[in-house]
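Okay, here's what each chain looks like letter by letter:
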Protein chains: 2
Amino acid sequence: MKFILGIDLGATLIKIGLLGKDYEIIEKRRLYTQDFKDRDSLIEVIVEEIKAILQSKKIDTKDVLGIGIGVPGPVDFKRGFVYYFPNIRGFKDTLLGEIFQRKTGIKTYIDNDTNLMGLAESRFGRGKNFKSGVYLTLGTGVGGAVFVEGRIYRGKNFTAGEIGHIPINEKGPLCNCGGKACLERYIGNRYVLAKARKVFKERGLTLEILSEMAKRKDKRAILIWKEVGRKLGIALTGIVNFFNPECIIVGGGLSEVGEVLFSEIRRTIRSRAMAPSVKGLKILKAKLKDAGVIGAALLVSISKIK
Amino acid sequence: MKFILGIDLGATLIKIGLLGKDYEIIEKRRLYTQDFKDRDSLIEVIVEEIKAILQSKKIDTKDVLGIGIGVPGPVDFKRGFVYYFPNIRGFKDTLLGEIFQRKTGIKTYIDNDTNLMGLAESRFGRGKNFKSGVYLTLGTGVGGAVFVEGRIYRGKNFTAGEIGHIPINEKGPLCNCGGKACLERYIGNRYVLAKARKVFKERGLTLEILSEMAKRKDKRAILIWKEVGRKLGIALTGIVNFFNPECIIVGGGLSEVGEVLFSEIRRTIRSRAMAPSVKGLKILKAKLKDAGVIGAALLVSISKIK
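The rules behind each value
Residues numbered from 1 in each chain as written. Chains lettered and ligands numbered in written order. Predicted model: local features only at pLDDT ≥ 70, side-chain atom pairs only at ≥ 80, totals over all residues. Helix = DSSP H or I, 4+ residues; strand = E, 2+ residues; numbered from the N terminus. Rg over C-alpha atoms; globule rule 2.2 N^0.38 Å. Buried ≥ 20, exposed ≤ 12 C-beta atoms within 10 Å, placed from the backbone. Contact = placed C-beta atoms within 7 Å. Expected span 1.5 Å × (residues − 1). Pairing = 2+ DSSP bridges. Axes fitted to C-alpha atoms, helices over the stretch in contact; angles between N-to-C directions. pLDDT = per-residue confidence, 0-100. Least-squares fit on C-alpha atoms with pLDDT ≥ 70 in both. Core = buried A, V, L, I, M, F, W, Y, C linked by C-beta atoms within 7 Å. Domains from an automatic or database assignment. Nonpolar A, V, L, I, M, F, W, Y, C, P; charged D, E, K, R; others polar.

Caption draft 1: Here's a closer look at the overall build of chain A. Scanning chain A from N- to C-terminus turns up ten helices and twelve strands. Its C-alpha radius of gyration of 19 Å places chain A within 12% of the 19 Å reference for a compact globule of 306 residues. Overall, chain A is about 55 × 45 × 35 Å in size when its C-alpha atoms are taken along their principal axes. Put simply, chain A has 306 residues, and 54% of those count as buried. Restricting to contacts in chain A with at least 6 residues of sequence separation, those with at least 24 account for 64%.

Given below as structure tokens:
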């Protein structure tokens, strides 16, 4: 019996999963990314968790097919090399795959986290019936993945899919990525939260509360979410006109906001994108709860087949 | 001996070419699109020209492999169906392929003009050494084509590639396509010309003159072209981050403006797009003079092989 370790290394949360042969999650552990002061201590704790999981389940490393890690930033997929993480310091130019492999003795594969969530969603989730599409995730960052004929389209340097860094204005605020007026700079979690806290003059406000308020028809909360949907719809209008995808699947924390957000995304795209490109387009909420962990495990299987 | 008819139906100019088996142009005729008052008279004159060319060369229709037509707007490639032309009236919902076939007795294929120019450029021009990339053309409209693994990527409804209709601002002027703040609405020929005529208070000014002025270091002309390059660079920043192409090939009339334009496109992308996505990216001027006509002929060959 073979196992796979799937790790979803997010800017907020790290999920470490042990999966069986049908990608079912046998064990899952969570860590908070912010709890660690630097790269090496973060890596060290993940490695310790991996060892603890295997020990508790009495699994030998030779029975682990591999470790897959989804990371929040652009990577050189072939070399297991991290260019940098826009929302976690200290990972610039890191051969992350090699480090994990050395520390665990298990073959390790890394890819952009959104590519892997999209991969899981396209295999087992909402994307199952579509050949070409776009997956995006709304969280600390706004990530994306591109699918062509059922496969991840990675682009020349494996960095395709950065929907969060499509500029939606000529002029605008500087983004962590070095760009300006990027979508993420307006609708990344922290920016939405900052705006909401200003509107409500409430420092303890969270996005979950803001989402609840909208569901209870609070007008100011609804306006904030509509603004998020509108900005997202504008970036997606560019994608619809440029890429004419079959579907757009939206995942990540903010997708839980629900109809107030989705109806504004749809309304904006319908009113601004070219009619022939919008025809038949599906805009769907992602389905899988642990897409990141499952996608990371899928990466191991895919890479082993090659 | 077999011949192919390649037609480049542009919003300004119509080029009709007779090509031989190596896609060499044997005869070429030009018409001005604006000279015809409606759809039917435009089609009629093109059909007359086709017949005149074949007659003058003593070619029987059975020796013509097919007619390929590149058109300036979104089409349903499979049905030979024109959705509409943003810059020519009267073509909404037209089965254009069928009409030509009936009137000439020759099998006719249609596709978006930029797809075909890109196809020609990717086979015989600047794109020859790249597998994935983006082609765009700067003219009356701003068109685009997407290449993945050496083939045209058409998208779900065959409308992919509409780079001219990527919004570059949240708010902005209405575009012919129904959208708002589209790239084309700022840098399409007519808009650049309108702006230049305002700056120079010269109604007879043309884009050719404006281009010459920039080459002679006229500061105001240079500023106008830099502004075009900057806006184009912002839309392309979105494409580079989303699609991570190997190359961007720029064709069409405005590409002749040369270095003042290209250096600003490159500068904008380098300063705004994500560094890992820009690495190794080539931004090149298209090479082929008759890409539209050659691409239309290639469309016939490709479709016949299938």
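Anyway, onward from the coordinates.
Caption draft 2: Quick look at helix α7 (residues 219-243) of chain B. All names here are of chain B. Taking 1.5 Å as the rise per residue, α7 with 25 residues should run 36 Å; its terminal C-alpha atoms sit 35 Å apart, in good agreement. Burial within α7 is extensive, with 19 of its 25 residues counted as buried. Remark: Asn 244 follows α7 within two positions and exhibits a positive phi of approximately 45°.

Caption draft 3: A look at the sheet that holds strand β11 (residues 247-251) of chain A. All names here are of chain A. As summarised here, the arrangement of the five strands in space is β10-β9-β8-β11-β12, forming an open sheet in which the pairing is mixed. The two strands at the open ends of the sheet, each matched to only one other strand, are β10 (151-153) and β12 (282-285). For this sheet the average axis-to-axis angle between neighbouring strands, irrespective of direction, equals 30°.

Caption draft 4: Spotlight on the confidence of the model for chain A. On average, residues of chain A carry a pLDDT of 94, and 99% of them reach 70 or more. Of all secondary-structure elements in chain A, the lowest mean pLDDT belongs to β10(A), at 90, while helix α7 (residues 219-243) of chain A reaches the highest, 98.

Caption draft 5: Just the sheet that holds strand β7 (residues 108-112) of chain B, in detail. Residue and element names in this part refer to chain B. Across the sheet, which stays open at both edges, the five strands sit in the order β3-β2-β1-β4-β7 with mixed pairing between neighbours. Every interior strand has two partners, whereas the edge strands, β3 (25-32) and β7, have only one. On average, each strand axis in the sheet is inclined to that of its neighbour by 15°, with strand direction left out of account. Two elements, strand β2 (residues 13-19) and β3, share seven bridges in a ladder whose sense is antiparallel. Note on β3: the bridge partner recorded for Lys 15 is Arg 30. Together, β1 (3-9), β2 and β3 form the strand contacts of helix α1 (residues 39-56), whose direction differs from that of β2 by roughly 25°. Set on the sheet, helix α2 (residues 96-104) makes contact with β4 (64-71) and β7; between it and β7 the angle comes to about 150°.

Caption draft 6: Just the relation of the copies chain A and chain B, in detail. Least-squares fitting of chain A to chain B yields an RMSD of 0.0 Å, with the transformation described by 0.0 Å of translation along the axis and a rotation of 180°. Classification of the inter-copy transformation places it as that of a two-fold axis. Considering only C-alpha atoms, the residue of chain A closest to the rotation axis is A:Asn169, which sits at 2.0 Å. When the interface residues of chain A are mapped onto chain B, 100% of them again fall at the interface, so both copies present the same face.

Caption draft 7: Structural detail: the nonpolar core. In this structure, A:Leu183 and B:Leu183 are the most contacted members of the largest nonpolar core, which totals 191 residues. Aside from chain neighbours lying at most four places away, what touches A:Leu183 is A:Val142, A:Ile163, A:Gly164, A:Ile166, A:Ile168, A:Lys231, A:Leu232 and A:Ala235.

Caption draft 8: Broad picture of the domain arrangement of chain A. Residue and element names in this part refer to chain A. Domain annotation of chain A identifies domain 1 (3-116 + 290-305) and domain 2 (130-285). Taking only C-alpha atoms into account, the centre of domain 1 sits 26 Å from that of domain 2. Of the residues lining the interface, 15 residues belong to domain 1; the matching set on domain 2 comes to 17 residues. Mapped onto the side of domain 1 that touches domain 2, the elements with two or more residues apiece are β5 (75-76) and α3 (113-124). It is α3 that provides the largest number of residues to the side of domain 1 that touches domain 2, a total of three residues. Residues of the side of domain 1 that touches domain 2, tallied by class, amount to seven nonpolar, six polar and two charged.

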